[in-house]
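# Secondary and tertiary structure notes
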Amino acid sequence: MDSYDLCTAWEAAVAANTELNDWISATFGRPLARFVGVNPRSKPGKLDCPYIAFDPQKSVTGEVKLHELQVAVLLGVADDQVESTTNRTEYRGLKRLRSELLPRVQAAISGAVDVETLGPIEAQSTSPEDGYFELTMLVTAKLPKTLG
């Protein structure tokens, strides 16, 4: 297995997760757009939201028992509504992205591939450029080496 195989396995797991997809349709009013691979010149944007993209990064195999795969996972939601209370302002899209969508995606891909360890996950969010938020994660998966 290489990082592209991991991307396709995770995309299939997301596509098959009815709980995630029902929540996305109910919350955003449209289905989740899914991508395997990202072209930096025409990457997903506001018109694709909500979206998830799995982009293979690297596959490392060595003399050790495990091999390491890295995948960039991009999540995007178009919701730049502001929720305000006394002395507090919060973007609803950022909250949905980080505390609602991300855990659902992590649950959907968990167990899709037999991994020894999953992590570290490095994540960063963008500001609401053009009315949408994007979260980019670099996920490292360590898989047991198999013969053959």
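Everything below is about the structure printed above this text.
First things first, this report covers the structure right here in the doc. (Residues numbered from 1 in each chain as written. Predicted model: local features only at pLDDT ≥ 70, side-chain atom pairs only at ≥ 80, totals over all residues. Heavy atoms only, no water.)

## Observations concerning helix α2 (residues 18-28)
Working note: α-helix, 3.6 residues per turn, so residues spaced by three or four point in the same direction. Turning to α2, its buried residues are Leu 20, Asn 21, Trp 23, Ile 24 and Phe 28. Here the buried residues of α2 occupy an arc of 160° about the axis, which is enough to place them on one side. Away from its buried face by more than 90 degrees, α2 exposes Thr 18, Glu 19, Asp 22 and Ala 26. Gly 29 sits one or two residues past α2 and shows a positive phi near 75°. (Buried < 20%, exposed > 50% of the residue type's maximum accessible area, 1.4 Å probe, protein only. Helix = DSSP H or I, 4+ residues; strand = E, 2+ residues; numbered from the N terminus. Arc of directions from axis to C-beta.)

## Focus on the nonpolar core
Formed by 29 residues in total, the largest nonpolar core has its most connected members in Trp 10, Val 14, Ile 52, Phe 54, Val 73, Leu 75 and Leu 101. At the level of elements, α1 (3-16), α2, β2 (51-60), β3 (66-77), α3 (92-109) and β7 (133-144) are the ones that each hand at least two residues to this core. Among residues more than four places away in sequence, those in contact with Val 14 are Leu 20, Asn 21, Leu 32, Arg 34, Ile 52, Phe 54, Ala 108 and Ile 109. Formed by 6 residues, the second largest nonpolar core is a distinct cluster that contains Cys 49, Ala 53, Leu 74 and Tyr 132. (Core = buried A, V, L, I, M, F, W, Y, C linked by side-chain atoms within 4.5 Å. Contact = heavy atoms within 4.5 Å.)

## A word on the packing of α2 against α3
In contact at an axis separation of 10 Å, α2 and α3 are set at 155° when each is read in the N-to-C sense. In terms of their interaxial angle, α2 and α3 are classed as roughly antiparallel. As for how α2 packs across α3, the hand of that crossing is left-handed. Residues Leu 20, Trp 23, Ile 24, Thr 27 and Phe 28 of α2 touch α3, and the partners they reach there are Arg 96, Glu 100, Leu 101, Arg 104, Val 105 and Ala 108. In the contact of α2 with α3, the residues fall into 7 nonpolar, 1 polar and 3 charged. (Axes fitted to C-alpha atoms, helices over the stretch in contact; angles between N-to-C directions. Parallel < 35°, antiparallel > 145°, perpendicular 65-115°, else oblique. Left-handed = near helix turned anticlockwise from the far one by under 90°. Nonpolar A, V, L, I, M, F, W, Y, C, P; charged D, E, K, R; others polar.)

## Comments concerning the environment of Gly 111
Its place among the elements puts Gly 111 in the loop between α3 and β6 (117-125). Put simply, Gly 111 and Trp 10 are 101 residues apart on the chain and 9.4 Å apart in space, counted from C-alpha to C-alpha.

## What about the packing of aromatic side chains?
If you walk through the whole model with that rule in mind, you get 5 aromatic pairs. By the ring-pair criterion, three or more aromatic residues cluster together here, those being Phe 35, Tyr 51 and Tyr 132. Between the NZ or CZ atom of Arg 96 and the centre of the ring of Phe 28, over which it lies, the distance is 5.8 Å. (Phe/Tyr/Trp six-rings, centres within 6.5 Å; stacked < 30°, edge-to-face > 60°. Lys NZ or Arg CZ within 6 Å of the ring centre and 35° of its normal.)

## With respect to α3
Counted at 1.5 Å a residue, the expected span for α3 with its 18 residues is 26 Å, and the 24 Å between its end C-alpha atoms agrees. Helix geometry: α3 is bent most strongly at Leu 101, by close to 35°, with proline Pro 103 lying one to four residues after it. Burial in α3 covers these residues: Gly 93, Arg 96, Leu 97, Leu 101, Leu 102, Val 105, Ala 108 and Ile 109. Once α3 ends, the next one or two residues include Gly 111, with phi positive near 85°. (Expected span 1.5 Å × (residues − 1). Bend = angle between axes of the 7 residues up to and from the residue.)

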